[in-house]
Amino acid sequence: MFEYVDEQIIDDIALGASVLGTGGGGDPFIGTQMAKHALKLFGSVMITPLSKVDDDEIFVPCSMVGATTVIMEKIMTPNQFLLTIDTMSSTLKTRIAGTFPIEIGGVNSLIPFIVAAQKQIPVVDCDGVGRAFPEVQMVSFYLDDLPSGPNTLADEKGNTLVLYPIDGLWSERFARAITEQMGAAAAMCDYPLTGRALKKSAIPGTLTLAQHIGQTLRLAWQSGSNPIHAITQALNGHVIASGKIIDVKRQTMGGFARGHVLIEGRRNDKGEQATVLFQNEFLLAYRSSAALEPTQENLLAVVPDLISIIDSETGRPIVTENLFYGQRVDVVASPCHAKWRSTRGLAVAGPRYFGYPVDYVAIEQLVNR
């Protein structure tokens, strides 16, 4: 089914993508306003199913790279994203047939609509992660050994670069260092793929999943039903902690927003404390009442499974840069896509990669032990 996007769909995708984005991908409010403005200026955008793309045409994702905290103060411009995709087209000497989100999280889920409106190309209903991840190589395309290059980057001043990394890991190393010089946030295009390769490797249907989650939450508010229950139902998820935020530590370093949030339990969790660690995205949650560090025994949920922090009063997902003392929250965990549970998936984006001293345990096992 081909669907033309309107403002309500943008709002629903933004809301759902904030849940799937596990706290990362940037504040969706900024992306929402930019996407709506682009639709008004340039006309409607079509979402096309992954199965319907032409095998031989070229499709390119467009996103922001850098620290999510930075774009709240240094708002990116639509011209940055247009520069990256135009530079990609010139470099490849071919027309770009469509775009898609590199990850389904926060602002990065909406940037393709800004580009698609300006270029009048479709947005493909897929992404490379099924959630948000902090590093460039953490995509299904890297797992499937598809080439990352060329990469194009642009800042708000008009500086534009083209990189030819040998793989996604080198793309991360080069792009991260360059982005820091660009003020810790830049526009980026990578993984230009044929439709054939995109069908083989992308995670399908994630934009319509985000739209469904956002619509479900919106209807729950309108009907007065429980939004937390609506989220867990939509994602096959579990509430792993509930309480009040009593501490947030956050710093921008190495091109990432890193830190932790400490939650004092209430309801069934009264007398307990839970800590959630993040690097742009929420990556690990553990019961911290009697332990300062995560262990195999006190795990609540762990990357690559999805961890989202939801405002208990409004039902809205909270991105890492909007956490603050006193918020009443529910922590929801849900299963990741099967690709991330493979041996290579865990090597690329499992807890050991991020330096956590634990092994991956699926959320389904953790909630039943």
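Here the structure is a predicted model, which is why all the values come from computation and not from measurement.

Caption draft 1: Inspection of empty space enclosed by the protein at higher detail. By the definition in use, this model includes two cavities of 30 Å³ or more. Each pocket or cavity is described by its volume, and for the largest cavity that value is around 220 Å³. At four residues, strand E4 (residues 63–66) tops the list of elements feeding residues into the lining of the largest cavity. Partitioned by chemical class, the residues of the lining of the largest cavity number ten nonpolar, six polar and five charged.

Caption draft 2: A look at the sheet that holds strand E15 (residues 281–287). Here seven strands make up an open sheet; going across it, the order is E16-E15-E14-E13-E12-E18-E17 and the pairing antiparallel. Either end of the sheet is taken by a strand with one partner, and the two such strands are strand E16 (299–302) and strand E17 (306–311). Each adjacent strand pair in this sheet contributes to an overall mean axis angle of 30°, direction not counted. As defined by bridge partners, E15 adjoins E16 across three bridges and the pair is classed as antiparallel. In the sheet register, Ala285 faces E16, and the bridge partner there is Ala301.

Caption draft 3: Inspection of the state of the cysteines at higher detail. Enumeration over the complete set of coordinates arrives at zero disulfides. Just so you know, Cys62 is unpaired, no disulfide at all, and the nearest cysteine sulfur is the one on Cys189, 3.7 Å from it. Looking at Cys126, it has no disulfide partner, and the nearest cysteine sulfur is the one in Cys189, 14 Å off.

Caption draft 4: The arrangement of the packing of aromatic side chains in detail. Scanning the entire structure with this criterion turns up seven aromatic pairs. Arranged with centres 5.0 Å apart and planes meeting at 80°, the rings of Phe133 and Trp340 form a pair that is edge-to-face. With a gap of 207 residues between them, Phe133 in the loop between strand E6 (123–127) and helix H5 (140–143) and Trp340 in the loop between strand E18 (328–334) and helix H10 (343–349) connect regions that are remote in the sequence. In this structure, Phe133 and Trp340 share a single accessibility class: buried. Seen from their ring centres, Tyr353 and Phe354 are 5.5 Å apart, and the 90° between their planes marks the pair as edge-to-face. A relative accessible area of 34% places Tyr353 in the partly exposed class. The cationic tip of Arg173 hangs over the ring face of Trp170; the distance from NZ or CZ to the ring centre is 4.5 Å.

Caption draft 5: Quick look at the pattern of salt bridges. In this structure the tally under the stated criterion is 15 salt bridges. The salt bridge partner of Arg196 is Asp56, with a shortest N-O separation of 3.0 Å. Residue Arg196 is located in helix H7 (residues 195–201), and its partner Asp56 is located in the loop between strand E2 (46–49) and strand E3 (58–61); the two are separated by 140 residues in the primary sequence. Through salt bridges that share partners, Asp305, Arg341 and Glu364 make up one connected network.

Caption draft 6: Seen up close, the environment of Ser18. Looking at the element boundaries, Ser18 is found in helix H1 (residues 7–20). You can call Ser18 buried: its relative accessible area is 6%. Beyond its immediate chain neighbours, meaning those up to four positions away, Ser18 contacts Gly23, Pro28, Gly106 and Pro317.

What counts, and where the lines are drawn
Residues numbered from 1 in each chain as written. Predicted model: local features only at pLDDT ≥ 70, side-chain atom pairs only at ≥ 80, totals over all residues. Heavy atoms only, no water. 1 Å grid on protein atoms, 1.4 Å probe; cavity = no way out; pocket = protein on both sides within 12 Å on 5 of 7 lines; lining within 4 Å. Points joined across faces, edges and corners; volume = space filled by probe spheres on them. Helix = DSSP H or I, 4+ residues; strand = E, 2+ residues; numbered from the N terminus. Nonpolar A, V, L, I, M, F, W, Y, C, P; charged D, E, K, R; others polar. Pairing = 2+ DSSP bridges. Axes fitted to C-alpha atoms, helices over the stretch in contact; angles between N-to-C directions. Disulfide = S-S within 2.5 Å. Phe/Tyr/Trp six-rings, centres within 6.5 Å; stacked < 30°, edge-to-face > 60°. Buried < 20%, exposed > 50% of the residue type's maximum accessible area, 1.4 Å probe, protein only. Lys NZ or Arg CZ within 6 Å of the ring centre and 35° of its normal. Salt bridge = Lys/Arg side-chain N within 4 Å of Asp/Glu carboxyl O. Contact = heavy atoms within 4.5 Å.

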